[in-house]
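Structural overview
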Amino acid sequence: MSKLLGSRLDRMPDSIEAGVDTRHGQVLYLENINVSFDGFQALKDLNLYIEEGELRCIIGPNGAGKTTMMDVITGKTRPDTGTVFFGQLIDLLKMDEPSIAQAGICRKFQKPTVFEYQTVFNNLELSMRTNKNVWSTLFASLSGEQLDLIDEILETIGLVGQRKSLAGSLSHGQKQWLEIGMLLMQQPKLLLVDEPVAGMTHQETERTAELLLALEGKHSVVVVEHDMEFVRSISRKVTVLHEGSVLVEGTMDQIQNDRRVAEVYLGTLC
Amino acid sequence: MFSRGLLKNDLGGRVIFYLLAAAAILVPLCNLVVPETSVFYLSSYTVTLVGKYLTYALLALALDLVWGYCGILSLGHGAFFALGGYSMGMYLMRQIGERGVYGHPVLPDFMVFLNWKELPWYWYGFDQFWFAMLMVVLVPTLLAFVFGWLAFRSRVTGVYLAIITQALTYALMLAFFLNEMGFGGNNGLTDFKDILGFNIQSDATRVVIFVLSCAALAAGYLACRYIVESKLGRVVLAVRDAEDRTRFIGYRVERFKLWIFVFSAALASIAGALYVPQVGIINPGEFAPLNSIEVVIWVAVGGRGTLYGAIAGAFLVNYSKTFLTGSLPEIWLFALGGMFVLSTVFLPKGLVGLFSKAGKEDG
Ligand SMILES: Nc1ncnc2c1ncn2[C@@H]1O[C@H](COP(=O)(O)OP(=O)(O)OP(=O)(O)O)[C@@H](O)[C@H]1O
Ligand SMILES: [Mg+2]
């Protein structure tokens with residue numbers, strides 16, 4: 001893990017710094033987002049601001065709209081109203097999924113999604129930040145530096161031994177890590193990580209926490225998680241979503257002592 | 001050698017290559033040099049039959065690239081094959097010249113029969129071989145491009161895509177049936193006389209087209225192999241297995257699909273162009289939806305996503321077809337359906353999966 005701190009990864013965000021204007025310290029702005037599915041309001045006037053280099057946790061009961069929020073940011077779902085800006089200048093609502101990804105926003109899905117019929121190595125190779133148009137991929141070959149980067153990430157995610165294994169043969173926790181590795185390969189400015197420790201053993205969870213903490217400061221990271229112990233171990237600031245809007249924002253201690261949060265989680269109304 | 005590198009980890013491909021090389025050398029010898037009385041003599045009928053299988057194999061290869069690797073189940077690849085066939089057929093029609101039944105110097109017989117006075121504009125240029133060959137590649141790629149652009153951009157996938165590809169080939173079939181379309185209607189294009197000045201019926205010409213078919217299949221195989229071994233091939237596999245994931249790591253999935261689809265259509269069309277001079281006819285029946293479905297069965301039986309499996313499947317199923325339609329015509333369709341069901345239920349990786357499994361168990 002410490003290797004991650006003092007390595008090539010440190011320099012990664014520089015390459016994209018130029019594209020994202022974060023002069024006001026904020027990397028992501030979501031304002032007045034409304035999303036409805038057949039009349040059901042999944043997001044209601046949602047406002048969310050993520051600071052540059054921040055590690056933010058988002059919690060909330062099932063169906064609160066956490067995944068939908070990520071869908072909105074990454075271009076999968078278009079909101080009915082609202083604005084989504086990446087830095088000061090990039091309007092994400094005008095972009096499709098690949099361009100948002102190329103601009104530097106990467107996401108891990110709630111259900112781990114890797115390319116099961118390809119090796120761990122190839123999964124990482126495919127995710128690498130590079131020219132991704134048809135012609136360049138047809139004639140692409142890996143440079144020594146790119147190979148080193150893949151090796152480094154393999155080490156970071158603890159899958160050196162599985163380099164040549166098919167991704168489909170990995171355990172659930174390993175798949176989660178591979179997917180995180182795939183995010184790192186893209187050298188993103190902002191990582192959206194949906195339930196990274198679901199199905200992980202206690203040890204695996206701890207390592208994931210270490211990994212995410214190591215990213216703080218260099219990447220902005222938004223983590224959605226149900227595992228409170230895990231959230232407590234990594235969080236600085238926590239946002240509670242409920243029925244599609246922000247209920248409370250604050251430190252974990254503030255959140256845990258908040259009456260409204262307790263009500264939402266216990267399902268009692270006053 | 002270039003092909004060596006591409007086939008290094010591809011035993012099936014190497015086998016296919018040796019077989020093709022052997023066929024390209026032995027078939028001409030056995031047909032043209034060996035005396036007819038010898039047991040090694042190969043009749044022209046057999047040469048043409050195997051030549052036809054070679055073009056089917058190229059068509060199957062084209063389908064395997066889009067279906068086996070990219071997950072696009074095209075049930076309309078027969079349309080591209082037929083379009084290539086029609087381009088070649090139009091060239092061959094114009095070579096007939098005054099030798100037609102009506103002896104018109106320019107108009108093909110069917111146009112004279114319809115009382116047409118002039119050649120329709122879209123027949124211009126087809127008296128030139130190079131132009132016809134250009135059209136073999138251009139027409140289907142253009143159609144595939146427009147079709148694919150519309151379909152992939154609106155993210156039509158799976159069964160829906162399969163259905164609209166069926167609709168595409170069906171619509172083309174209906175259109176080509178019309179006399180007013182100017183492609184010979186029901187009867188299609190036939191009675192070809194010569195190709196580049198050589199008698200199309202002669203043994204030597206047949207053998208040359210046979211060898212060209214071997215070469216086209218080999219070249220097509222290498223091209224497909226290059227694609228699937230490149231990073232593009234891995235992106236395409238990624239699209240097949242997790243389309244959304246691929247999009248979220250920054251690939252424009254629809255462009256990759258489009259490119260593969262267009263390339264595959266061109267291969268299918270070249271196959272069709274080689275098919276027509278060997279069988280001597282092209283008619284709207286080639287657009288029949290069932291034809292395209294049969295191609296899927298060849299690939300499924302042989303083994304999807306291996307390239308060489310598609311070729312093996314095309315040969316095997318078509319050989320069975322020739323054999324069965326000759327001896328027991330009424331059971332052919334049942335046999336075809338049976339093969340499909342059996343292979344999907346018991347051999348999800350097709351026949352070649354059986355061999356690679358056996359190979360693995362050996363060590
Ligand atoms: N495509 C869709 N069509 C219809 N309803 C949807 C769709 N996507 C999400 N929803 C609904 O929107 C609500 C919010 O869903 P979302 O997946 O964002 O919740 P979540 O906070 O991620 O929950 P979980 O913790 O269970 O993952 C849910 O009630 C869900 O059923
Ligand atoms: Mg969710």
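Residues numbered from 1 in each chain as written. Chains lettered and ligands numbered in written order. Predicted model: local features only at pLDDT ≥ 70, side-chain atom pairs only at ≥ 80, totals over all residues. Heavy atoms only, no water.

1. Some thoughts on the overall build of chain B
Cut-off, in case you're wondering: In DSSP terms, a helix is any run of H or I states spanning at least four residues, a strand is any run of E spanning at least two, and both are numbered starting from the N terminus. For the radius of gyration, the atoms used are the C-alpha atoms, and the globule rule reads 2.2 Å times the number of residues raised to 0.38. For every residue, the accessible area obtained with a 1.4 Å probe (protein chains only) is divided by the maximum for its type, and the residue is called buried under 20%, exposed over 50%, and partly exposed between those limits. Note on contacts: a residue pair is in contact if any heavy atoms of the two residues lie within 4.5 Å. Where accessible areas are quoted, they stem from the Shrake-Rupley method and a 1.4 Å probe; at the residue level, only the protein chains shown are allowed to cover.
Within chain B one finds 15 helices and four strands. Relative to the globule expectation of 21 Å for 363 residues, the C-alpha radius of gyration of chain B, 21 Å, shows essentially globular dimensions. Summarising its shape, the C-alpha atoms of chain B cover approximately 65 × 55 × 45 Å along the three principal directions. A total of 363 residues make up chain B; the buried ones form 54% of that total. In chain B, the share of contacts with a sequence separation of at least 24, taken over all contacts with a separation of at least 6, comes to 77%. If you sum the accessible surface of chain B, you get close to 16300 Å²; carbon and sulfur atoms cover 68% of it.

2. Topic: the pairing of strand β2 (residues 40-51) of chain A
All names here are of chain A. The following threshold applies: Two strands are said to pair when DSSP picks up at least two bridges between them.
Two strands pair when backbone bridges link them, and strand β1 (residues 26-37) and β2 are joined in this way by eight bridges, in the antiparallel orientation. Its bridge partner being in β2, Ile33 is matched across the sheet by Leu46. Where β1 folds back on β2, the antiparallel hairpin that results is connected by two residues, among which Asp38 adopts a positive phi of roughly 45°.

3. Digging into the nonpolar core
Selection rule: Only buried residues count toward a nonpolar core. Its members are Ala, Val, Leu, Ile, Met, Phe, Trp, Tyr and Cys residues joined through side-chain atoms within 4.5 Å.
Among the nonpolar cores identified, the biggest contains 165 residues, and A:Leu178, A:Val223, B:Trp123, B:Leu189 and B:Phe287 are the most heavily contacted of them. Here this core gets 16 residues from one element, more than from any other, and that element is helix α3 (residues 44-69) of chain B. Residues within four places of A:Leu178 in sequence aside, it is in contact with A:Val114, A:Val120, A:Asn123, A:Leu124, A:Ile157, A:Leu159, A:Ala167 and A:Leu170. In this structure, A:Leu48, A:Met69, A:Ile73 and A:Val84 belong to the second largest nonpolar core, which totals 29 residues.

4. Here's the deal with the coordination of the magnesium ion (ligand 2)
Residue and element names in this part refer to chain A. Under the convention used in this document: Each metal site lists N, O and S donors within 2.8 Å (3.2 Å for Na, K and Ca). With water left out of the atoms, a site can look as if it is missing ligands.
Those donors, Thr67 (OG1) and Gln110 (OE1), are the protein atoms that reach the magnesium ion (ligand 2), and they lie 1.9 to 2.1 Å from it. Placement of the pair is Thr67 in helix α4 (residues 66-73) and Gln110 in the loop between β6 (105-108) and α6 (120-127), with a sequence separation of 43 residues. The partly exposed category is assigned to Thr67, whose relative accessible area is 26%.

5. Thoughts on the packing of aromatic side chains
Quick reminder of the rule: Pairing of aromatic side chains here covers Phe, Tyr and the six-membered ring of Trp, requires ring centres within 6.5 Å, and sorts the geometry by plane angle: under 30 degrees stacked, over 60 edge-to-face, intermediate tilted. Whether a charge lies above a ring is judged from NZ of Lys or CZ of Arg, which has to be within 6 Å of the ring centre and within 35 degrees of the ring normal.
Enumeration over the complete set of coordinates arrives at 29 aromatic pairs over all chains. Ring centres of B:Phe17 and B:Tyr221 lie 6.2 Å apart, and the angle between their planes is 65°; this geometry places the pair in the edge-to-face category. Of this pair, B:Phe17 sits in helix α2 (residues 11-33) while B:Tyr221 sits in helix α8 (residues 203-229), placing them 204 residues apart in sequence. The exposure class of B:Phe17 is buried, given its relative accessible area of 19%. Considering the side-chain rings of B:Phe110 and B:Trp123, the 6.0 Å spacing of their centres and the 55° angle between planes classify their relative orientation as tilted. Here B:Phe110 is found in helix α5 (residues 109-113), whereas its partner B:Trp123 is found in the loop between α5 and α6 (129-153), with 13 residues between them in sequence. Pair check on accessibility: B:Phe110 and B:Trp123 agree, each one buried. Joined through ring pairs, the aromatic side chains of B:Tyr86, B:Phe110, B:Trp121, B:Tyr122, B:Trp123, B:Phe176, B:Phe183 and B:Phe287 make up one cluster. Seen from the ring of A:Trp177, A:Arg207 lies directly overhead, with NZ or CZ sitting 4.9 Å from the centre. Just above the ring of B:Trp149 sits the side chain of B:Arg153; from NZ or CZ to the centre is 4.3 Å.

6. Focus: the interface of chain B and chain A
Reports often express the size of an interface as the amount of accessible area lost when the parts come together. For clarity, the cut-off: The term buried area means the drop in 1.4 Å probe accessible area that two parts suffer when joined, counted for both and summed. By definition here, a salt bridge exists when the distance from a side-chain nitrogen of Lys or Arg to a carboxyl oxygen of Asp or Glu is within 4 Å. Here a polar contact means two N or O atoms within 3.5 Å. Within protein one must be a hydrogen donor candidate and the other an acceptor candidate, and residues neighboring in sequence count only if both atoms are side-chain atoms. Here the term charged refers only to Asp, Glu, Lys and Arg, the term nonpolar to Ala, Val, Leu, Ile, Met, Phe, Trp, Tyr, Cys and Pro, and the term polar to all other amino acids, Gly among them.
Across the contact, 25 residues belong to chain B and 32 residues belong to chain A. The largest per-residue losses of area from chain B upon contact with chain A belong to B:Lys231, B:Arg245 and B:Phe248, which jointly make up 30% of the total buried on that side. Inspection of the chain B/chain A interface yields five salt bridges. When the shortest N-O distance is used, the salt bridge between A:Glu125 and B:Arg234 registers 2.8 Å. Taken together, the links from chain B to chain A amount to 12 residue pairs in polar contact (both at pLDDT 80 or more). Counting only elements with at least two residues in the side of chain B that touches chain A, the list comes to α8, α9 (231-241), α10 (243-248) and α11 (253-279) of chain B. It is α9(B) that contributes the most residues to the side of chain B that touches chain A, eight residues altogether. Of the residues in the side of chain B that touches chain A, the class split is 12 nonpolar, three polar and 10 charged.

7. A look at the sheet that holds strand β3 (residues 55-59) of chain A
Note on sheets: strands pair through backbone hydrogen bonds, and any given pair is parallel or antiparallel. All names here are of chain A. Using the following cut-off: Interaxial angle, 0 to 180 degrees, is taken between N-to-C directions of lines fitted to C-alpha atoms, where a helix line uses only the stretch in contact.
Reading across the sheet, the six strands line up as β6-β7-β8-β3-β9-β10 and stay open at both edges, with mixed pairing between neighbours. Strands at the two margins of the open sheet, each flanked by one partner only, are β6 and β10 (245-250). Sheet twist, expressed as the mean angle between neighbouring strand axes with direction ignored, is 20°. Taken together, the five bridges between strand β7 (residues 190-194) and strand β8 (residues 220-224) define a ladder with parallel strand orientation. Along β8, the bridge assignment pairs Leu191 with Val221. Along the sheet, helix α9 (residues 172-185) contacts β6 and β7; its crossing angle with β6, the most-contacted strand, is approximately 175°.

8. A closer look at the site of ligand 1
All names here are of chain A. Counted only if it meets this: By convention in this text, a residue qualifies as near a molecule or strand provided that one of its non-hydrogen atoms is within 4 Å of it.
In the vicinity of ligand 1 there are 13 residues, among which Asn62, Lys66, Thr67, Thr68 and His226 approach most closely. One of the backbone nitrogen or oxygen atoms of Gly63 is found 2.9 Å away from an oxygen atom of ligand 1. A distance of 3.2 Å is found between an oxygen atom of ligand 1 and a backbone nitrogen or oxygen belonging to Ala64. Burial of ligand 1 by the surrounding chains reaches 63%, relative to a free accessible area of 630 Å².

9. Looking at the packing of helix α4 (residues 77-96) of chain B against α6(B)
Residues and elements named next belong to chain B. The test is simple: Between 65 and 115 degrees an angle is taken as roughly perpendicular, under 35 as roughly parallel, over 145 as roughly antiparallel, and anywhere else as oblique. Here a crossing is taken to be left-handed if its near helix is turned anticlockwise relative to the far helix by less than a right angle, and right-handed if that turn runs clockwise.
The geometry of α4 relative to α6 is characterised by a closest axis approach of 9 Å and an angle of 155° between their N-to-C directions. Classified by the angle between their axes, α4 and α6 sit roughly antiparallel to one another. Handedness of the crossing formed by α4 with α6: right-handed. When α4 is examined against α6, the residues Phe80, Leu83, Gly84, Ser87, Met88 and Tyr91 are found in contact with a partner set consisting of Phe129, Ala132, Met133, Met135, Val136, Val139, Pro140, Leu143 and Ala144. Looking at side-chain class alone, the contact of α4 with α6 contains 13 nonpolar, two polar and no charged residues.

10. Section: the sheet that holds strand β4 (residues 81-86) of chain A
Residue and element names in this part refer to chain A. If you trace the four strands from one edge of the open sheet to the other, you get β2-β1-β4-β5, paired in antiparallel fashion. Of all strands in the sheet, those with a lone pairing partner are β2 and β5 (90-91), marking the two edges. Where β1 and β4 come together, five bridges link them in antiparallel fashion. Following the sheet pairing, Glu31 is matched in β4 by Thr83. Across the sheet, α4 touches β1, β2 and β4, and the angle it forms with β1 is around 115°.

11. Re the confidence of the model for chain A
To keep things clear, this is the line we draw: The pLDDT value expresses, per residue, how confident the predictor is, ranging between 0 and 100.
Overall, the prediction assigns chain A a mean pLDDT of 88, with 91% of residues at 70 or greater. Note that residues 1-18 of chain A has pLDDT below 50 and, in this model, 40 contacts with residues that lie over four places away or in other chains.

12. Considering a nonpolar patch on the surface
Which entries qualify depends on this criterion: Patch building starts from residues that exceed 30% relative accessible area and form no salt bridge, then joins like charges within 9 Å and nonpolar side chains (Val, Leu, Ile, Met, Phe, Trp, Tyr) within 5 Å.
Taken together, the side chains of B:Ile25, B:Leu26, B:Leu29, B:Leu32 and B:Val33 make up a nonpolar region of the molecular surface, amounting to roughly 470 Å² of accessible area. With respect to the helices and strands, B:Val33 occurs in helix α2.

13. Focus: the environment of A:Gln88
Residue and element names in this part refer to chain A. On the secondary structure map, Gln88 appears in the loop between β4 and β5. Placed 60 residues apart in sequence, Gln88 and Leu28 show a C-alpha to C-alpha distance of 8.4 Å. Those residues in contact with Gln88, other than ones at most four positions away along the chain, are Asp21, His24 and Tyr29. At a separation of 2.5 Å, a polar atom in the side chain of Gln88 contacts the side chain of Tyr29.

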